[in-house]
Amino acid sequence: GDDNSGRKVITFSCCRMPPSHQLNHTRLLEYLKYTLDQYVENDYTVVYFHYGLKSLNKPSLKWLQTAYKEFDRNCSYSVLPSIIFKSLLTISFSFPRYKKNLKALYVVHPTNFIKILWNIFKPLISHKFGKKITYLNCLSDLREHLKYDQLNIPQEVIRHDENLRGKQKGKLPPVVKVPPPRPPLPTQQFGVSLQYIKDKNKGELIPPVMKETVSYLKRKGLQVEGLFRRSASIQTIKDVQKLYNQGKSVNFDDYHDIHIPAVILKTFLRELPQPLLTFECYDHILGITSVESSLRVTRCKQIIQGLPEHNYIVLKYLICFLHMVSQESIYNRMTASSLACVFGLNLIWPSKGTASLSALVPLNLFTELLIDFYINIFNSRTVPGE
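Just so we're clear, the structure is a prediction, and the values are computed from it rather than from any experiment.

The next thing to look at is the pattern of salt bridges. Enumeration according to the criterion identifies two salt bridges in this entry. Among the ionic pairs, Lys 211 bridges to Glu 204, the shortest N-O distance being 3.2 Å. Close ionic contact of Asp 253 with Lys 220 constitutes a salt bridge, the shortest N to O distance being 2.8 Å. One end of the pair, Asp 253, is in the loop between helix 10 (234-245) and helix 11 (259-270); the other, Lys 220, is in helix 9 (residues 208-220), with 33 residues separating them in the sequence. You can call Asp 253 partly exposed: its relative accessible area is 33%. With relative accessibility at 44%, the residue Lys 220 sits in the partly exposed group.

Take the packing of helix 9 against helix 11 next. Where helix 9 meets helix 11, the closest approach of the two axes is 9 Å, and the angle between their N-to-C directions is 150 degrees. Relative to helix 11, the element helix 9 lies roughly antiparallel. Classified by chirality, the crossing of helix 11 by helix 9 is left-handed. Along its contact with helix 9, which presents Val 209, Met 210, Thr 213, Val 214, Tyr 216 and Leu 217, the element helix 11 presents Pro 261, Ala 262, Ile 264, Leu 265, Phe 268 and Leu 269. Residues belonging to the contact of helix 9 with helix 11 are distributed by class as follows: eleven nonpolar, one polar and no charged.

Quick look at the environment of Tyr 106 now. Here Tyr 106 shows up in strand 3 (residues 102-108). With 61 residues separating them in the primary sequence, Tyr 106 and Thr 45 have C-alpha atoms 8.0 Å apart. Those residues within four positions of Tyr 106 in sequence are excluded, and the remaining contacts are Thr 45, Val 46, Val 47, Tyr 48, Thr 134, Leu 136, Leu 142, His 145 and Leu 146. A polar contact is formed between the side chain of Tyr 106 and the side chain of His 145, at a distance of 3.4 Å.

Sheet strands pair by backbone hydrogen bonding; their relative direction is either parallel or antiparallel. Read from one edge of the open sheet, four strands run 1-2-3-4, paired in parallel fashion. The sheet is open, and its two edges are formed by strand 1 (8-13) and strand 4 (133-136), each paired on a single side. Looking at each pair of strands side by side, their axes are set apart by 20 degrees on average, direction ignored. Here six bridges tie strand 2 (residues 44-49) to strand 3, and the two strands are oriented parallel to one another. Residue pairing in the sheet places Tyr 44 in a bridge with Leu 102 of strand 3.

Another point: the packing of aromatic side chains. Any pair of aromatic rings gets described here by the distance separating the centres and the angle formed by the planes. Considering all chains together, one arrives at seven aromatic pairs under this definition. An aromatic cluster of at least three residues, connected via ring pairs, comprises Phe 190, Tyr 244 and Phe 268.

In terms of burial, strand 1 is a largely internal element, five of the six residues being buried. Here six bridges tie strand 1 to strand 2, and the two strands are oriented parallel to one another. Paired with Thr 11 across the two strands is Val 47, which belongs to strand 2.

We now examine the environment of Gln 241. Looking at the element boundaries, Gln 241 is found in helix 10. Once residues within four sequence positions are removed from consideration, Gln 241 is found in contact with Phe 190, Ile 264, Thr 267 and Glu 271.

A separate point is the confidence of the model for the protein chain. Per-residue confidence for the protein chain gives a mean pLDDT of 81, with 73% of residues at or over 70. Residue range residues 71-94 is modelled with pLDDT below 50. Its contacts to residues more than four positions away, or to other chains, number 73 contacts.

This paragraph deals with the side chain of Thr 267. Structurally, Thr 267 is set in helix 11. Not counting chain neighbours up to four residues away, the residues in contact with Thr 267 comprise Phe 190, Ile 237 and Gln 241.

Attention now goes to helix 9. Taking 1.5 Å as the rise per residue, helix 9 with 13 residues should run 18 Å; its terminal C-alpha atoms sit 18 Å apart, in good agreement. Each element contacted by the buried residues of helix 9 is listed here: helix 10, helix 11 and helix 14 (309-327).

Basis of the calculations
Residues numbered from 1 in each chain as written. Predicted model: local features only at pLDDT ≥ 70, side-chain atom pairs only at ≥ 80, totals over all residues. Heavy atoms only, no water. Salt bridge = Lys/Arg side-chain N within 4 Å of Asp/Glu carboxyl O. Helix = DSSP H or I, 4+ residues; strand = E, 2+ residues; numbered from the N terminus. Buried < 20%, exposed > 50% of the residue type's maximum accessible area, 1.4 Å probe, protein only. Axes fitted to C-alpha atoms, helices over the stretch in contact; angles between N-to-C directions. Parallel < 35°, antiparallel > 145°, perpendicular 65-115°, else oblique. Left-handed = near helix turned anticlockwise from the far one by under 90°. Contact = heavy atoms within 4.5 Å. Nonpolar A, V, L, I, M, F, W, Y, C, P; charged D, E, K, R; others polar. Polar contact = N/O pair within 3.5 Å; in protein donor to acceptor, adjacent residues only side chain to side chain. Pairing = 2+ DSSP bridges. Phe/Tyr/Trp six-rings, centres within 6.5 Å; stacked < 30°, edge-to-face > 60°. pLDDT = per-residue confidence, 0-100. Expected span 1.5 Å × (residues − 1).

If you want it as structure tokens, here you go:
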């Protein structure tokens, strides 16, 4: 899932850990590295569900030391702090590659023992990293920080949370009536369909927010290193979204941060009710890895030929821009592959739940092919105005 800044969220559930004698800890370490490698080039968030960690399934100190050395062979500090959050935290703060873009670590259902140990070893850990850690005593607190409904939370954790709340209150809290959602404003840009935006903007096919962010980034952002990798102030993003939704003008020069229009563009795509590549294309895109390498570009072309005309036009506009960004990768370090990692899940996601880890490879590969072979893929279908 995503947090409220659009950063990808990685969850770790201790209750899913089997007994230590049944677990191949070497493979666990490899899996943790593989999972983090999908995201560490961009800003990301970790949610750690502590419930379920017991002496039976806790990795040994020897293994944690091995994990620590694997990620940072030059570090002289003891591995003991990593016992607090097990191997995942070890990886996150031990090795700069994994630590740099970790923006938040939420520890859900922490025990007093964890808090005490953390205070003991706090002097060994940088103040900057310590500020990224937030303790959350109940699941409802997660809603303030990320898209809670996108999380795959184990039932054991949910039941534990209900028991805790029941003990604290003596009974479960009453159901709060949620008022019905307000209808969108006529000038709404975020969270509404492409068709809605078109109808409210005199038939314009490219949404104003997309046109303005792309135009600005073309002028001033093509050679910015790490474009689209960095996050921006949550409050600033909300303020800009509000301006767009109210139909007010936005001058990105006023914010003195090139990453703001970049985040706004990603946020717009992510908040579409249906992904730009449509739910119908999801399974077809997942099959791209089973296609022979020499035929994949042709298959990409076939898939996007089936898009509705409006989606095709907006997609072509976006991919044309991303192709331009990739052409400047010697300066911005954003190759087609890097851009695909950022935009893949902003262009396509399943109709139910979230994309699995195994789905990331085909989704990102498909996006990378669109960017790399933009001219070949989009040359056979004419669109209005061309």
